[in-house]
Amino acid sequence: MKLVTGNSNLTVANAVSEYLEIPLTDCSVKRFADKEIFVEIHENVRGEDVFVLQSTSYPANDHLMELLILIDALRRSSARRVTAVLPYYGYARQDRKSAPRTPISAKLVANLITQAGANRILTLDLHAPQIQGFFDIPTDNLYAAPVLTRDIRKNYDTSKVMIVSPDVGGVLRARNVANRIGAQLAIVDKRRPRAGVSEVMNIIGDVEGQSCILIDDIIDSGGTLINAAEALMNAGAKEVSAYITHGVLSGDAPERIAKSRLKEVVTTNSIEKTEAVKKVSKIRHITIADLLGEAIARTASEQSVSSLFD
């Protein structure tokens, strides 16, 4: 087995390497003067089971191209099997035609990865589970819920916690976490007048006096969670925190979170911290390296991956 990584998330790649006790394969992922991407594998990978770790996070297009070129290089180097390990699958939010004459970019990216030569996909908390069906190759969608609930139990009195879904679409995800810790569930009813903008309409459930924890898969601009936290506090919540799988946190999101009524925002390290994120004490990262490492080990040895979440 070989582990290969691009430049998107070296922190997770090194941690997975340490977990598996397998060194990262020596390779170069560089730029020409005009910013074209150059890849060279410096080790023999002929007949190897190769796992490529790469989040397609910001800058999404650069990291996606790194992934595609790495896969192509490995296929042309006679690797036996290439598994794309995507801690964060970018373009997943464009998973359907939300308006006339719009693309389904999640499907396009799935086609690109497949055509590049990937034999298998290993990813974490897809924005929509049906994206697995966009791939014509085996796809394992891992869940961060066990990692999140472990941290919640460590830092909160679960008997006094109310799990909250920030919208109707995230109810299944939030209910999964609530069931794991034996907590009640509330829902924020919101509407989205345009992309990137949300407005809270109602709160379904009694949150008065409760320590509320918002559960979501992605935080980008932060507007949804900040507005939800404001509404929950106005409804009498004792405090509001958030547990998110993918901390995109683009633009001024870190600063907005720092000034918000959120007690803290906990994300996994599926996306590398930016300098702006590192400056905000309210934002905390927890690692998914052990989860990814175990899933990779089980995939390599042809064992069950789904049993990780039983």
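So, a few notes on the structure that sits alongside this text. Predicted model only: the values in this text are computed from it and were never measured.

What follows is about the packing of helix 1 (residues 10-20) against helix 9 (residues 289-300). Where helix 1 meets helix 9, the closest approach of the two axes is 8 Å, and the angle between their N-to-C directions is 55°. Considered as vectors, helix 1 and helix 9 are oriented oblique to each other. Taken as a pair, helix 1 and helix 9 cross one another with a handedness that is right-handed. Of the residues in helix 9, those in contact with Val12, Ala15, Val16, Tyr19 and Leu20 of helix 1 are Ala289, Asp290, Leu292, Gly293, Glu294, Ile296 and Ala297. Of the residues in the contact of helix 1 with helix 9, the class split is nine nonpolar, one polar and two charged.

With respect to topology, five strands assemble into an open sheet ordered 1-4-5-6-7, the strand pairing being parallel. Taken across any chain shown, the strands that pair with only one partner, and hence form the sheet edges, are strand 1 (2-5) and strand 7 (139-142). Geometrically, the sheet is characterised by an average inter-axis angle of 20° between neighbouring strands, direction not taken into account. Taken together, the five bridges between strand 4 (residues 49-53) and strand 5 (residues 81-86) define a ladder with parallel strand orientation. Counterpart to valine 52 in the pairing with strand 5 is alanine 84. Its contacts with the sheet put helix 1 on strand 1 and strand 4, and the angle it makes with strand 1 is roughly 170°.

Time to look at the packing of helix 2 (residues 60-76) against helix 3 (residues 105-116). Closest axis-to-axis distance for the helix 2/helix 3 pair is 8 Å, and the angle between their directions is 25°. Classified by the interaxial angle, the pair formed by helix 2 and helix 3 is roughly parallel. Contacts from Leu64, Leu67, Leu68, Ile71, Asp72 and Arg75 in helix 2 reach Val109, Leu112, Ile113 and Ala116 in helix 3. For the contact of helix 2 with helix 3, the class distribution of residues is eight nonpolar, no polar and two charged.

All of the buried residues in helix 5 (residues 171-181) are Val171, Ala174, Val177, Ala178 and Ile181. Looking straight down helix 5, one finds that the buried residues subtend no more than 130° of arc, so they occupy a single side. In helix 5, the exposed residues that point more than 90 degrees away from the buried face are Leu172 and Asn179. One or two positions beyond helix 5, positive phi appears at glycine 182, with a value near 70°.

Next up on the list: unusual backbone geometry. Cis geometry marks the peptide bond from tyrosine 58 to proline 59, where omega comes out at -10°. Looking at where proline 59 falls in the secondary structure, it is placed in the loop between strand 4 and helix 2. Its identity as a non-glycine residue notwithstanding, serine 78 has a phi of 70°, on the positive side. Position of serine 78 among the secondary structure elements: in the loop between helix 2 and strand 5. Positive phi is not limited to glycine here, since tyrosine 91 has a value of about 70°. Here tyrosine 91 lies in the loop between strand 5 and helix 3. Using a relative accessible area of 30% as the deciding quantity, one classes tyrosine 91 as partly exposed.

Turning next to the side chain of threonine 114. Locating threonine 114 in the fold gives a position in helix 3. Only 2.9 Å separates the side chain of threonine 114 from the backbone oxygen of alanine 110, close enough to count as a polar contact. Excluding its chain neighbours within four sequence positions, the residues that come into contact with threonine 114 are Phe135, Asp136 and Ile137.

Attention now moves to the packing of aromatic side chains. Overall, the coordinates contain four aromatic pairs when judged by the stated rule. Ring centres of tyrosine 143 and phenylalanine 309 lie 5.3 Å apart, and the angle between their planes is 85°; on these two criteria the pair is classed as edge-to-face. With tyrosine 143 in the loop between strand 7 and helix 4 (145-155) and phenylalanine 309 in the segment after helix 9, the pair connects residues that are 166 residues apart, well separated along the chain. For phenylalanine 309, a relative accessible area of 16% corresponds to the buried category.

Within the secondary structure, alanine 92 is located in the loop between strand 5 and helix 3. In this structure alanine 92 comes out as buried when scored by relative accessible area, which is 4%. Between the C-alpha atom of alanine 92 and that of serine 306, which follows or precedes it by 214 residues, the distance is 22 Å. Residue contacts for alanine 92: discarding those within four places in its chain leaves Ala106, His127 and Ile131.

So, on to the nonpolar core. Core analysis: the largest hydrophobic core is formed by 37 residues, its most contacted members being Val16, Leu142 and Ile163. Mapped onto this core, the elements with two or more residues apiece are helix 1, strand 4, strand 6 (120-124), helix 4, strand 8 (161-165), helix 5, strand 11 (211-219) and helix 9. Beyond its immediate stretch of four places on either side in the chain, isoleucine 163 contacts Ala174, Val177, Ala178, Ile181, Ala183, Gln184, Leu185, Ala186, Ile213 and Ile215. Ala106, Ala118, Leu126 and Phe134 belong to the second largest nonpolar core, which has 35 residues in total.

For threonine 268, the position within the fold is in strand 13 (residues 265-268). Among the polar contacts made by the side chain of threonine 268, one reaches the main-chain carbonyl oxygen of threonine 245 at a distance of 2.5 Å. In this view, threonine 268 contacts Leu124, Ala144, Leu148, Ile244, Thr245, His285, Ile286 and Ile288; residues no more than four positions away in its chain are not counted.

So, how was this worked out
Residues numbered from 1 in each chain as written. Predicted model: local features only at pLDDT ≥ 70, side-chain atom pairs only at ≥ 80, totals over all residues. Heavy atoms only, no water. Axes fitted to C-alpha atoms, helices over the stretch in contact; angles between N-to-C directions. Helix = DSSP H or I, 4+ residues; strand = E, 2+ residues; numbered from the N terminus. Parallel < 35°, antiparallel > 145°, perpendicular 65-115°, else oblique. Left-handed = near helix turned anticlockwise from the far one by under 90°. Contact = heavy atoms within 4.5 Å. Nonpolar A, V, L, I, M, F, W, Y, C, P; charged D, E, K, R; others polar. Pairing = 2+ DSSP bridges. Buried < 20%, exposed > 50% of the residue type's maximum accessible area, 1.4 Å probe, protein only. Arc of directions from axis to C-beta. Polar contact = N/O pair within 3.5 Å; in protein donor to acceptor, adjacent residues only side chain to side chain. Phe/Tyr/Trp six-rings, centres within 6.5 Å; stacked < 30°, edge-to-face > 60°. Core = buried A, V, L, I, M, F, W, Y, C linked by side-chain atoms within 4.5 Å.

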